[in-house]
Amino acid sequence: MATNRTFTMIKPDATKDNHIGGILGMIEQGGFRIVELQKVELTPERAGEFYAVHKERPFYGDLVKYMSSGPIVAAILEKDNAVADFRTLIGATNPANAEDGTIRKKYAKSIEANAVHGSDSDENAEIEGKFFFGK
Ligand code: CMP
């Protein structure tokens with residue numbers, strides 16, 4: 001059975017460009033309830049730990065630098081089928097492939113500066129939520 005929670009981050013490009021409100025609005029309009037919310041700046045060490053699963057990938061160093069380049073907004077979201085529905089709402093990782101009406105289509109600048117993160121599984125949603133909120 002699908003769990004009803006997922007985890008998201010609004011990334012530094014979007015917070016710098018004043019899109020926190022616009023993105024949270026799309027999330028709420030999409031039927032998600034914001035359960036936890038926190039604006040915070042990640043150190044390179046914390047960003048590296050969050051994305052440790054990608055540490056062998058060629059983009060890892062740049063990703064860590066980018067994710068610690070300014071404030072992010074972390075949130076736990078609730079909705080039936082939250083993980084899958086949220087990935088539909090945010091659109092493809094590469095905004096060039098994102099569908100109309102998705103958050104990344106509207107706000108993402110590139111495959112790296114892609115405005116938002118969304119958990120890819122129920123298991124990771126729980127791990128990522130705990131990383132920020134301890135619950
Ligand atoms: P996210 O869904 O947060 O998961 C990993 C992040 O790495 C991804 O979004 C992008 O911000 C970033 N990234 C940079 N380059 C790539 C790439 N070539 N493929 C996938 N993710 C990338």
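Right, let's walk through the structure included here. (Residues numbered from 1 in each chain as written. Predicted model: local features only at pLDDT ≥ 70, side-chain atom pairs only at ≥ 80, totals over all residues. Heavy atoms only, no water.)

A short note on the overall build of the chain
Along the chain, the regular secondary structure elements total 7 helices and 4 strands. Ordered by position from N to C terminus, the α and β elements of the chain give β-α-α-β-α-α-β-α-α-β-α. Along the longest, intermediate and shortest principal axes, the C-alpha atoms of the chain span 35 × 30 × 25 Å. Across the 135 residues in the chain, those meeting the buried criterion constitute 44%. Partitioning the intrachain contacts of the chain with sequence separation of at least 6 by distance along the chain shows that 76% fall at a separation of at least 24. Measuring between centres, the 17 positive side-chain charges of the chain sit 3 Å from its 20 negative side-chain charges. (Helix = DSSP H or I, 4+ residues; strand = E, 2+ residues; numbered from the N terminus. Buried < 20%, exposed > 50% of the residue type's maximum accessible area, 1.4 Å probe, protein only. Contact = heavy atoms within 4.5 Å. Lys, Arg positive; Asp, Glu negative; His and termini not counted. Charge placed at Lys NZ, Arg CZ, Asp CG, Glu CD.)

Digging into the nonpolar core
The biggest cluster of nonpolar side chains holds 19 residues, and the ones touching the most others in it are Ile10, Ile23, Ile27, Phe32, Phe86 and Ile103. For this core, the elements supplying multiple residues, two or more each, are α2 (20–29), β3 (71–78), α5 (82–90) and α6 (103–107). Ranked by size, the runner-up nonpolar core spans 18 residues in total, among them Tyr60, Ala74, Ala113 and Phe131. (Core = buried A, V, L, I, M, F, W, Y, C linked by side-chain atoms within 4.5 Å.)

Some remarks on the sheet that holds strand β1 (residues 5–10)
The 4 strands are arranged β2-β3-β1-β4 in an open sheet whose pairing can be described as antiparallel. Since the sheet does not close on itself, it has two edges, and those belong to β2 (33–41) and β4 (116–118), each with one partner. With direction set aside, neighbouring strand axes in the sheet form an average angle of 20°. In this sheet, β3 lies alongside β1 in antiparallel orientation, the contact comprising 6 bridges. The partner of Arg5 across the bridge, within β3, is Glu78. Here helix α7 (residues 122–133) sits on the sheet in contact with β1, β2, β3 and β4, set at roughly 55° to β1. (Pairing = 2+ DSSP bridges. Axes fitted to C-alpha atoms, helices over the stretch in contact; angles between N-to-C directions.)

Quick notes on the side chain of His117
The topology assignment puts His117 in strand β4. Within the structure, the side chain of His117 is placed 2.9 Å from the side chain of Glu128, a separation counted as a polar contact. (Polar contact = N/O pair within 3.5 Å; in protein donor to acceptor, adjacent residues only side chain to side chain.)

Things to note about the pairing of β3
For β3, the tally of buried residues reaches 7 of 8 residues, placing the bulk of the element in the interior. Of the strand pairs in this sheet, β2 and β3 are connected by 8 bridges, and their pairing is antiparallel. Residue Gln38 lies in a different strand from β3, and its bridge partner there is Ala74.

Considerations on the site of the ligand
Surveying the vicinity of the ligand reveals the residues Lys11, Tyr51, His54, Phe59, Leu63, Thr93, Arg104, Ile111, Glu112, Asn114 and His117. Considered on its own, the ligand offers 450 Å² of accessible surface; in the complex 80% of this is hidden by protein. (Near = heavy atom within 4 Å. Areas by Shrake-Rupley, 256 points an atom, 1.4 Å probe, with all protein chains shown as cover.)

Digging into the packing of aromatic side chains
Here the distance between the centres and the angle between the planes together describe a pair of aromatic rings. Following the criterion strictly, the structure yields 8 aromatic pairs and no others. For the pair Phe7 and Phe132, a centre-to-centre distance of 5.3 Å together with 15° between the ring planes defines the contact as stacked. Remark: Phe132 occurs in helix α7 and Phe7 occurs in strand β1; sequence separation between them is 125 residues. Residue classification places Phe7 among the buried positions, given a relative accessible area of 0%. With a relative accessible area of 9%, Phe132 lands in the buried category. When the ring of Phe132 is compared with that of Phe133, the centres are 6.4 Å apart and the planes differ by 45°; the resulting orientation is tilted. Each member of the pair, Phe132 together with Phe133, is buried. (Phe/Tyr/Trp six-rings, centres within 6.5 Å; stacked < 30°, edge-to-face > 60°.)

By themselves, these are just geometric observations and shouldn't be taken as functional.
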